[in-house]
Amino acid sequence: MKFGSHKAINGSLSVFLGFDIAGIVITVLGGVLPDILDRIIAGRNEWLFSRIHRKISHWWLLWGAILYLCHISFFPVIFQINTSEILWYLSFGSLLHIACDSLTMSGIPFLNPFKQSIGFRLFYTGSGAEYALVRDRSVILYQQWRLVVTKE
Ligand SMILES: [Zn+2]
């Protein structure tokens, strides 16, 4: 999926889940983190990028392990900042990114972090189908959120 799609999905879902503003922002950052990590590692080398993209940075088990470590407050509090809480939102956002990428034709790694072996393969990245799905999911989440907020 494209950056904008990941940001829209992560933003609308984190608002729907009632995250505070910091949680929303960090979840949106987590939603683009796996692709940013691949870009940082590959630099401007497109050949290298095509070899490493959607491999270990898109491995659900890695982000799931970080999420679990955050859940048990493994990471320290530094200057009154709970790093476990920050990393929880980042890893949650990254897991959402991976779930969304699993819908595309390229797929994601499952057990082997160096092979894109599974995916629902519903559409190509950047296609009209991707944007329609993102638009529909975001609108539905927003409407559900408004229903919950107006009932309170
Ligand atoms: Zn990705």
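These figures come from a predicted structure and were not determined experimentally. (Residues numbered from 1 in each chain as written. Predicted model: local features only at pLDDT ≥ 70, side-chain atom pairs only at ≥ 80, totals over all residues.)

A. Just the environment of Pro34, in detail. Inspection of the secondary structure puts Pro34 in helix H3 (residues 33-42). Pro34 sits in the buried class, given 26 other C-beta atoms within 10 Å. Spatially, the C-alpha atom of Pro34 lies 9.2 Å from that of Leu95, the residues being 61 residues apart in sequence. In this structure, Pro34 is in contact with Ser57, His58, Ser94, His97 and Ile98, ignoring residues within four places of it in sequence. (Helix = DSSP H or I, 4+ residues; strand = E, 2+ residues; numbered from the N terminus. Buried ≥ 20, exposed ≤ 12 C-beta atoms within 10 Å, placed from the backbone. Contact = placed C-beta atoms within 7 Å.)

B. Region of the structure containing the packing of helix H5 (residues 60-71) against helix H6 (residues 83-101). Remark: H5 packs on H6, axes separated minimally by 8 Å, with the N-to-C direction vectors making an angle of 155 degrees. Compared by their axis directions, H5 and H6 come out roughly antiparallel. The hand of the H5/H6 crossing is left-handed. Residues Trp60, Trp63, Gly64, Ile66, Leu67 and Cys70 of H5 form the contact with H6, whose participating residues are Ser84, Leu87, Trp88, Ser91, Phe92, Ser94, Leu95 and Ile98. (Axes fitted to C-alpha atoms, helices over the stretch in contact; angles between N-to-C directions. Parallel < 35°, antiparallel > 145°, perpendicular 65-115°, else oblique. Left-handed = near helix turned anticlockwise from the far one by under 90°.)

C. Structural detail: H5. End to end, H5 covers 16 Å across twelve residues, agreeing with the expected 16 Å (1.5 Å per residue, within 8%). Packing partners of the buried residues in H5 comprise H6. Of the residues one or two after H5, Ser73 is the one with positive phi, at around 55 degrees. (Expected span 1.5 Å × (residues − 1).)

D. Spotlight on the environment of Trp88. Relative to the assigned elements, Trp88 resides in helix H6. C-alpha of Trp88 to C-alpha of Gly23: the two residues are 65 residues apart in sequence and 9.2 Å apart in space. Trp88 has contacts with Leu67 and Cys70, leaving out every residue within four places of it along the chain.

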